[in-house]
Amino acid sequence: MADKKISKSEYLDFVEGKFKNCFSEKGYIEEPAVDVTSKIDPTVDFIGSNISPLKKYLDTEDYGNVGRYIVQECMKFKSFKYLQTDISQKFGCYYRGMGILARPELERVVKDTFDYLTGEEYLHIPPDDLCIKVSSLDDDLIKATESVDGKINRLVNESSIEHYRHRYGMDEKNIFGRDFNIGIKKEGTDEFFNFAAFVVMENGERKLAVDMGISNLALSMCKFGTNSTVASSRIADFIDIDSIMKEKFADSLVAVATLLKENVTNHRSKHLRMKFRQYLRALNYWNEQLQYADEDVVNLIVNYLNAEYHSSFEQRKDEFHQVLTLQKKRMK
């Protein structure tokens, strides 16, 4: 992408659009995103990674001719414990996972992944700005990466199998994963920051699939040289995130906005409704210090959702205002 000054929204639109273009052109089937509150994966409360809506294909190994790809909204509730503290966190509560589930043809999927990252028609990242981090125990993964550009940095680590074994909530089927990570040089530094994982899923007897996932916000954080995914997200186009207070306020607001969009206050799960109130409590906590008017908070929510989903949420302003007012009263 040209180096002209661009907004966070423009850059995220670019990486997500190019991801869809790349993998559809290579024959992968698009999988529609689901609500983070969909419970399509019963092992998690919120959809927390791009693999959750794709796991269903493991039973039949129905990956299509090559594989399936998705751009999926994700929420990480484990980030919540820091939300009402002044401890800065690299990873906020929300991101989009750009991922695939493919046939276990390692060399092919590695090539497709790095075509997306370095290809002129896609992200066109300089190869020496990327780093492959792989375990010395994984001869198959090391071999699969040999065909990509030699200018890409390699870091081979001595590590135990237990250290990097992925779990998928499918222990009863003995399904686990081995991975290598891809790092990108963060703007203004020589630091390689992990933004993607390439995982071979297997059941102890054979390889089942490749699960590859990329965080859109980790890519954006490195592009813009920010210290958190919140400061590199679309909300940063509407809030000047120049303090920990604003970072936590913005992070809480994104979580609240995402769940309001999905009408979580009417969700069948009392547990999810309770979690929404926890995010709203954090939003109100920080706003007691920042003193945004209720109307301004609702406008920020609508502006963010308009940018995140390329749709108009103006007609839901009154609904959002009523829900936030009612929930605030209930929490007193």
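Bear in mind the structure is a predicted one, so any value in this text is a computation, not a measurement.

Visitor: Would you explain the packing of helix α1 (residues 8–25) against helix α6 (residues 216–224) in this entry?
Guide: How two helices pack is summed up by the angle between their axes together with the distance between the axes. Between α1 and α6, whose axes approach to 10 Å, the crossing angle comes to 130°. As far as their axial angle goes, α6 and α1 are oblique. Crossing hand, α1 versus α6: right-handed. Across the interface between the two elements, Lys-8, Tyr-11, Leu-12, Val-15 and Glu-16 from α1 touch Asn-216, Leu-217, Leu-219, Ser-220, Lys-223 and Phe-224 from α6. Grouping the constituent residues of the contact of α1 with α6 by class yields six nonpolar, two polar and three charged.

Visitor: Honestly, the pairing of strand β7 (residues 176–185) in this entry has me stumped. Any pointers?
Guide: Consecutive side chains of a regular strand alternate in pointing toward one face of the sheet and then the other. Of all 10 residues in β7, eight are buried, a share of seventy percent or more. Relative to β7, strand β4 (residues 130–135) runs antiparallel, the two being bridged by four bridges. Bridge pairing links Leu-130 to Ile-184 in β7. Strand direction decides the pairing type here: β7 and strand β8 (residues 192–202), joined by 10 bridges, are antiparallel. The residue bridging Asp-179 from the neighbouring strand is Val-199, located in β8. What sits between β7 and β8 in their antiparallel hairpin is a turn of six residues, with Gly-188 showing a positive phi close to 80°.

Visitor: What is the right way to read the state of the cysteines from this model?
Guide: Disulfides are covalent bonds that link the sulfur atoms of two cysteine residues. Taken as a whole and assessed by the stated rule, the structure comprises zero disulfides. We note that Cys-74 lacks a disulfide partner, and the nearest cysteine sulfur, in Cys-93, lies 13 Å from it.

Visitor: Just to check I follow, could you spell out helix α9 (residues 294–309) for this structure?
Guide: Residue pairs spaced three or four apart in an α-helix point in one direction, given the helix's 3.6 residues per turn. Taking 1.5 Å of rise per residue, 16 residues should cover 22 Å, and α9 covers 23 Å from first to last C-alpha, within 8% of that figure. Residues of α9 that are buried: Val-297, Val-298, Leu-300, Ile-301, Val-302, Tyr-304, Leu-305, Ala-307, Glu-308 and Tyr-309. Considering only its buried residues, α9 is in contact with α1, β2 (67–75), β3 (94–102), α7 (244–261), α8 (270–290) and α10 (317–331). Looking at the residues trailing α9, positive phi occurs at His-310, about 50°.

Visitor: Can you walk me through the pairing of β4 in this structure?
Guide: Counted residue by residue, β4 has six buried out of six residues, so it is predominantly covered. Side-chain alternation along β4 places Leu-130, Ile-132 and Val-134 on one buried face and Cys-131, Lys-133 and Ser-135 on a second face that is also buried. Bridge analysis of β4 against strand β5 (residues 153–157) gives five bridges, and the strand direction is parallel. Opposite Val-134, over in β5, you have Val-156 as the bridge partner. Taken together, β4, helix α4 (residues 139–144) and β5 constitute a β-α-β crossover, and its handedness is right-handed.

Reading the values: rules and limits
Residues numbered from 1 in each chain as written. Predicted model: local features only at pLDDT ≥ 70, side-chain atom pairs only at ≥ 80, totals over all residues. Heavy atoms only, no water. Axes fitted to C-alpha atoms, helices over the stretch in contact; angles between N-to-C directions. Helix = DSSP H or I, 4+ residues; strand = E, 2+ residues; numbered from the N terminus. Parallel < 35°, antiparallel > 145°, perpendicular 65-115°, else oblique. Left-handed = near helix turned anticlockwise from the far one by under 90°. Contact = heavy atoms within 4.5 Å. Nonpolar A, V, L, I, M, F, W, Y, C, P; charged D, E, K, R; others polar. Buried < 20%, exposed > 50% of the residue type's maximum accessible area, 1.4 Å probe, protein only. Pairing = 2+ DSSP bridges. Disulfide = S-S within 2.5 Å. Expected span 1.5 Å × (residues − 1). Right-handed = clockwise from strand over helix to strand, strands pointing away.

Nothing here speaks to function; it is all geometry.
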